[in-house]
Amino acid sequence: MKTQSTNRAVALCACVALALMVAVTGAFAQDDDGAPPGQGAAAGRGRAGGGQGRAGGQGRGQGRGAAAPAPPTPRRADGKPILGSVPGQPVGGWGAGVTTLPQGQLDKIPFQPWARAVYEVRQIDQFEPHTRCKASGVSRQFSTPYGTEFVEAPDLQRMYIMDNGGPNSYRIIYLDGRAFPENIPPTNYGYSIGHWEGDTLVVETRGLNEKFWMDTRGTPHTAQLKFTERFTRSDMNTLHYTATIDDPGAYTATWTTTDFTLRWRPGEELFEYICQQANQGPTLMVGSQEEVDNTRFFVP
Amino acid sequence: MRISYLPARLCLVVAAAAVLIAGGATAQEGHPLAGTWYGDYTTGQQTTDITVIMKWDGKSLTGMINPGPNSKPLTSVVMDITPGKPAPQGQQSTSGTPPVFRARFEVDGMTFEGTLKNPVAGNRQLTGTWKRGNQSGTFKIRRV
């Protein structure tokens, strides 16, 4: 009798556990990757983008194959290039491209010893704030696997760079000729001011804090960082990106990245991404934050 | 009867998660030693709380303990790095051996020497030993 009773109890527990699992799975299944119906393909490409990041490559494997020559650089009435979507055409965004700023020239980067050591540790333990839904500024905006969109507001003389995925936030670039304020409260996105040099948008960002990584591989920086980006849309589908890092707190000299290429993804709109639900590295959000699961590479 | 313990445990887990998340919220990712650290050191059976603030200006480390009327400046702060071993060519980067960070700081005649635990975590720990004359003990501080 006791055995029967125990068996019943075990069976009851199993049923309850199964029901709970189904309920929980169902709840999370609604969230899936955070993308609404119809955006699954974008998410899929996003993960592929993360894979690219691990390989350290960029501009490769976009799945586009050999294509006809791209349309020319779209321009506004005043002749300036349009870096985002073109009025009258389907909106789109830029695919992930910047994954590690040293990009094949690690030994040429003028790291301070501590910064080089920190970089090496971060190759092993990817404990990136972005995986905990922290807004991550400057070049890190261009490696979110779900893409980045430029929203230009010429009348307001500013531009917004939206990073889809992760914190799902945006950076403002002021284009009204203003000067930097004297005391900028350090923030994750900093204070960005841009100007045009021919067809290239040059953006300098100051006032950055130390609460994020500049790229997915953890190239270190300090709050002394001045980060200058150069954006050149060479044709409809191609955006060239370089960055100059001026950070005496982490480097012995100013240095400039190689040229990164971002590819246009026509027809892909920003979508609602809830980082707390769709995070690919959930253990880094609510775990002990002392241990890192090294069995896989996190690029949420 | 066991089920009656669940709410209490759940509350404990939620509270612990909230504390951890809150701790991570203020975490800094720059120089491994820069920031505010909180913990304690032991003298025999006695434990004394300690707050350590360290700053990195790009060239040197400075700092103080116990900010407030009883604060004392750190007279020396040094960080030593033992190089790690990158992952072999073609293998996942996570298979490498990370560098080891050791720190030593002196304050009020005491010398603290320790090793950073998980230096990439926002709430990293520095644990080790301290000495003053023939006194000694252990210490453990965590960056907040």
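> Which residues make up the packing of aromatic side chains, and what values go with them?
Each aromatic ring pair is characterised by the separation of its centres together with the angle its planes make. Summed over the entire model, instances satisfying the criterion amount to 20 aromatic pairs over all chains. Taking 5.5 Å as the distance between ring centres and 80° as the angle between the ring planes, the aromatic pair formed by A:Phe150 and A:Phe231 counts as edge-to-face. Of this pair, A:Phe150 sits in strand E2 (residues 148–153) while A:Phe231 sits in strand E7 (residues 226–235); the two residues are 81 residues apart in sequence, bridging distant segments of the chain. Given a relative accessible area of 0%, A:Phe231 falls into the buried group. Chaining the aromatic ring pairs together yields one cluster made of B:Tyr41, B:Phe105, B:Phe112, B:Trp130 and B:Phe139. Residue placement shows A:Arg178 over the ring face of A:Tyr174; its charged tip is 3.7 Å from the ring centre.

> Describe the side chain of B:His31, and please don't skip the residues or the numbers.
By the element assignment, B:His31 lies in the loop between helix H1 (6–25) and strand E1 (35–43). Reaching out from B:His31, the side chain makes a polar contact with the backbone nitrogen of B:Leu33 at a distance of 3.0 Å. When sequence neighbours within four positions are dropped, the list of residues in contact with B:His31 reads A:Trp114, A:Glu210, B:Trp56, B:Leu61, B:Met79, B:Arg124 and B:Arg143.

> So what's going on with the state of the cysteines? Residues and values would help.
Residues and elements named next belong to chain A. Taken as a whole and judged by the stated rule, the model has one disulfide over all chains. A sulfur-sulfur distance of 2.0 Å marks the disulfide that ties Cys133 to Cys275. The sign of the S-S torsion, about -90°, decides the handedness of the disulfide formed by Cys133 and Cys275: left-handed. You can see Cys133 sitting in the loop between helix H3 (113–124) and E2 and its partner Cys275 sitting in helix H4 (residues 275–278), a full 142 residues away along the chain. Grouping residues by exposure puts Cys133 and Cys275 together as buried.

> Describe H3(A), with residues and values.
With twelve residues, H3(A) extends 17 Å between its outermost C-alpha atoms, agreeing within 8% with the 16 Å of an ideal straight helix rising 1.5 Å per residue. Buried residues dominate H3(A), accounting for nine of its twelve residues. Every buried residue of H3(A) is listed here: A:Trp114, A:Ala115, A:Ala117, A:Val118, A:Tyr119, A:Val121, A:Arg122, A:Gln123 and A:Ile124. Structurally, H3(A) contributes buried residues whose contacts are with strand E2 (46–56), strand E5 (76–82) and strand E6 (100–107) of chain B.

> Please give an account of empty space enclosed by the protein that cites residues and values.
All names here are of chain A. All chains considered together, the criterion is met by three cavities of 30 Å³ or more. Roughly 90 Å³ of volume is contained in the largest cavity. Forming the walls of the largest cavity are 14 residues, and the residues nearest its centre are Gly93, Tyr146, Gly147, Glu268 and Glu269. Where the lining of the largest cavity is concerned, the elements lending two or more residues are strand E1 (92–94) and E2. A class-by-class count of the residues in the lining of the largest cavity yields five nonpolar, five polar and four charged.

> Residues and numbers for the environment of A:Gly93, please.
Residue and element names in this part refer to chain A. Relative to the helices and strands, Gly93 resides in strand E1. What makes Gly93 buried here is its relative accessible area of 8%. Each C-alpha atom, one on Gly93 and one on Leu270, is 8.0 Å from the other, the two residues being 177 residues apart in sequence. In this structure, Gly93 is in contact with Thr148, Arg263, Trp264, Arg265 and Glu268, ignoring residues within four places of it in sequence.

> Tell me about the sheet that holds E2(B), and name the residues and values.
Residue and element names in this part refer to chain B. Spatial strand order, E4-E3-E2-E1-E9-E8-E7-E6-E5: nine strands in an open sheet with antiparallel pairing. Edge strands, defined here as strands with exactly one partner in the open sheet, are strand E4 (72–73) and E5. In the sheet, strand E8 (residues 125–132) pairs with strand E9 (residues 135–143) via eight bridges, with the strands oriented antiparallel. When the sheet's bridge partners are listed, Lys131 is paired in E9 with Ser136.

> Before we move on, can you summarise the pattern of salt bridges with the specific residues and values?
Using the criterion set out here, one finds 14 salt bridges over all chains in the structure. Between A:Arg116 and A:Asp107 there is a salt bridge, with the nearest N and O atoms lying 3.5 Å from each other. A salt bridge links B:Glu29 to A:Arg122; the nearest nitrogen and oxygen atoms lie 3.8 Å apart. Of this pair, B:Glu29 sits in the loop between H1 and E1 while A:Arg122 is found in helix H3, placing the two residues in two different chains. Through salt bridges with shared partners, a single network forms among A:Arg76, A:Asp78 and A:Glu152.

> Requested: an account of the nonpolar core, with residues and values cited.
All names here are of chain A. If you look at the biggest cluster of nonpolar residues, it comprises 66 residues, and the most contacted ones within it are Phe227 and Phe231. The element that contributes the greatest number of residues to this core is H3, accounting for six residues. In this structure, Phe227 is in contact with Leu101, Val138, Ser139, Val203, Glu204, Thr205, Leu208, Met214, Tyr241, Ala243, Thr244 and Ile245, ignoring residues within four places of it in sequence.

> Run through the pairing of strand E3 (residues 61–65) of chain B, naming residues and quoting values.
Residue and element names in this part refer to chain B. Burial of the side chains of E3 is restricted to one face: Leu61, Gly63 and Ile65 are buried, whereas none of Thr62 and Met64 on the reverse face is. Taken together, the five bridges between E2 and E3 define a ladder with antiparallel strand orientation. Bridge pairing in E3 places Ile53 opposite Met64. As judged from the two bridges shared by E3 and E4, these two strands associate in the antiparallel manner. When the sheet's bridge partners are listed, Ile65 is paired in E4 with Lys72. Once E3 ends, the chain turns through six residues before running back antiparallel as E4, passing Asn66 with a positive phi of about 45°.

Each value, and the rule that gives it
- Residues numbered from 1 in each chain as written.
- Chains lettered and ligands numbered in written order.
- Predicted model: local features only at pLDDT ≥ 70, side-chain atom pairs only at ≥ 80, totals over all residues.
- Heavy atoms only, no water.
- Phe/Tyr/Trp six-rings, centres within 6.5 Å; stacked < 30°, edge-to-face > 60°.
- Helix = DSSP H or I, 4+ residues; strand = E, 2+ residues; numbered from the N terminus.
- Buried < 20%, exposed > 50% of the residue type's maximum accessible area, 1.4 Å probe, protein only.
- Lys NZ or Arg CZ within 6 Å of the ring centre and 35° of its normal.
- Polar contact = N/O pair within 3.5 Å; in protein donor to acceptor, adjacent residues only side chain to side chain.
- Contact = heavy atoms within 4.5 Å.
- Disulfide = S-S within 2.5 Å.
- Expected span 1.5 Å × (residues − 1).
- 1 Å grid on protein atoms, 1.4 Å probe; cavity = no way out; pocket = protein on both sides within 12 Å on 5 of 7 lines; lining within 4 Å.
- Points joined across faces, edges and corners; volume = space filled by probe spheres on them.
- Nonpolar A, V, L, I, M, F, W, Y, C, P; charged D, E, K, R; others polar.
- Pairing = 2+ DSSP bridges.
- Salt bridge = Lys/Arg side-chain N within 4 Å of Asp/Glu carboxyl O.
- Core = buried A, V, L, I, M, F, W, Y, C linked by side-chain atoms within 4.5 Å.

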